[in-house]
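Structure at a glance
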Amino acid sequence: MSTLVRWYGQSAFLVEGDHSVFIDPFGDMGAMSARGLEFRYPLIDDVSADLLLVTHEHFDHNGVEAVGGDPVVIRSAGTHESPVGEVVAIASEHDDVAGTARGSNVIMCFSVGAVRFCHLGDLGQAALRPEQVEAIGSVDVLFLPAGGGPTIGGESAADVVRALQPRLVVPMHFRTE
């Protein structure tokens, strides 16, 4: 069976194969425009999943109510059993000051069929630590934040790619004018 990846905006993805995994759903982003930020992504609608992964508890990543079905939800670090098999969820930081500015983040690693995925969420720490690289292991598809601001910028993103050596990199969580 083939594997399909669909991007919904921001860092929200649906991975479908023999099972379906939704990562970082968002709800109504209207509150962001009140803060001077505009996210013009359509609402996540008419989607269900077997597994729902939340990398951190910011409202643009934890809109679990947007995903239908009765998915198993994982939102904390550790090794978890799930409908797709083992999920390795690795503690990380949303900023470069040990999580004191934006909080924690969880790197999510899982497989759908024969494809190994790693979603870095809103990784903000300057570089991956050696134990994080080891825990992540082999990666086929890497969902990588790039663009700076609340996540890593271009140089740090390139360093992450060199450290993990994925087969495919999917940039996420960026905007252009």
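The residue count restarts for each chain, going from 1 along the sequence in the order it is written. Selection of residues for local features in this predicted model requires a pLDDT of at least 70, selection of side-chain atom pairs for listing and counting requires 80 or more, and totals for whole chains, interfaces and linings are taken over all residues. The side-chain figures draw on all heavy atoms in the structure; neither hydrogens nor water molecules are used.

1. Observations regarding the overall build of the protein chain
- Strands are runs of DSSP state E lasting at least two residues, helices are runs of H or I lasting at least four, and both sets are numbered from the N terminus onward. Scanning the protein chain from terminus to terminus reveals 3 helices and 11 strands.
- Mapped from its N terminus to its C terminus, the protein chain presents α and β elements in the order β-β-β-α-β-β-β-β-β-β-α-β-α-β.
- With a 1.4 Å probe rolled over the protein chains alone, any residue whose accessible area is under 20% of its type maximum counts as buried; one over 50% counts as exposed, and the rest are partly exposed. Taking all 177 residues of the protein chain together, 49% fall into the buried category.
- Contacts in the protein chain between residues far apart in sequence, at least 24 positions, make up 55% of those at least 6 positions apart.
- All accessible-area figures derive from a Shrake-Rupley calculation using a 1.4 Å probe, and residue coverage is judged against the displayed protein chains alone. If you sum the accessible surface of the protein chain, you get close to 8,600 Å²; carbon and sulfur atoms cover 50% of it. Residue contacts are defined here by distance: any two heavy atoms, one from each residue, within 4.5 Å place the two residues in contact.

2. Looking at the pairing of strand 6 (residues 78-82)
- In this analysis, strands are considered paired if DSSP registers two or more bridges between them. The pairing of strand 6 with strand 7 (residues 85-93) spans 5 bridges and is classified as antiparallel. Directly across from His80, in strand 7, lies its bridge partner Val87.
- Once strand 6 ends, the chain turns through 2 residues before running back antiparallel as strand 7.

3. What to know about helix 3 (residues 154-164)
- Taken together, the buried positions of helix 3 are occupied by Ser156, Ala157, Val160 and Leu164. Buried residues of helix 3, viewed axially, fall in a sector of 105°; they line one side. Of the exposed residues in helix 3, the ones pointing more than 90 degrees away from its buried face are Gly154, Glu155 and Arg162.
- Once helix 3 ends, the next one or two residues include Gln165, with phi positive near 50°. Each C-beta atom gives one direction from the helix axis, and the arc is the one those directions make.

4. Some thoughts on the side chain of His119
- One can find His119 in strand 9 (residues 115-119).
- Here His119 is in contact with Ser11, Phe13, Ile23, Asp24, Thr55, Val106, Ile107, Met108, Phe143 and Met172, once residues within four sequence places are set aside.

5. Quick word on the environment of His94
- Looking at the element boundaries, His94 is found in the loop between strand 7 and strand 8 (104-112).
- Classification of His94 by relative accessible area gives buried; the value is 1%.
- Placed 39 residues apart in sequence, His94 and Thr55 show a C-alpha to C-alpha distance of 9.8 Å.

6. Points about the pairing of strand 9
- Taken across its 5 residues, strand 9 has 4 buried, putting it largely inside the fold.
- Here strand 8 runs beside strand 9; their pairing, made up of 5 bridges, is antiparallel. Pairing of Met108 across the sheet is with His119, part of strand 9.
- Hairpin remark: strand 8 followed by strand 9, antiparallel, with 2 residues in the connecting loop; positive phi at Gly113, about 65°.
- Bridge analysis of strand 9 against strand 10 (residues 141-145) gives 3 bridges, and the strand direction is parallel. Across the sheet, His119 pairs through a bridge with Phe143, a residue of strand 10.
- After leaving strand 9, the chain enters helix 2 (residues 130-136) and then returns to the sheet as strand 10, a path that is right-handed. Viewed with both strands pointing away, a crossover whose connecting path from the first strand over the helix to the second turns clockwise is right-handed.

7. Quick word on the sheet that holds strand 3 (residues 20-23)
- Read across the sheet, 5 strands follow the order 1-2-3-4-5 without closing on themselves; strand pairing throughout is mixed. Each of the sheet's edge strands pairs with one partner strand only, and the pair in question is strand 1 (4-9) and strand 5 (72-74). Adjacent strand axes in the sheet meet at a mean angle of 15° when their direction is disregarded.
- Two elements, strand 4 (residues 51-53) and strand 5, share 3 bridges in a ladder whose sense is parallel. Each residue of the ladder has a partner; that of Leu51, found in strand 5, is Val72. What counts as an axis is a line fitted to C-alpha atoms, over the stretch in contact for a helix, and the angles between N-to-C directions run from 0 to 180 degrees.

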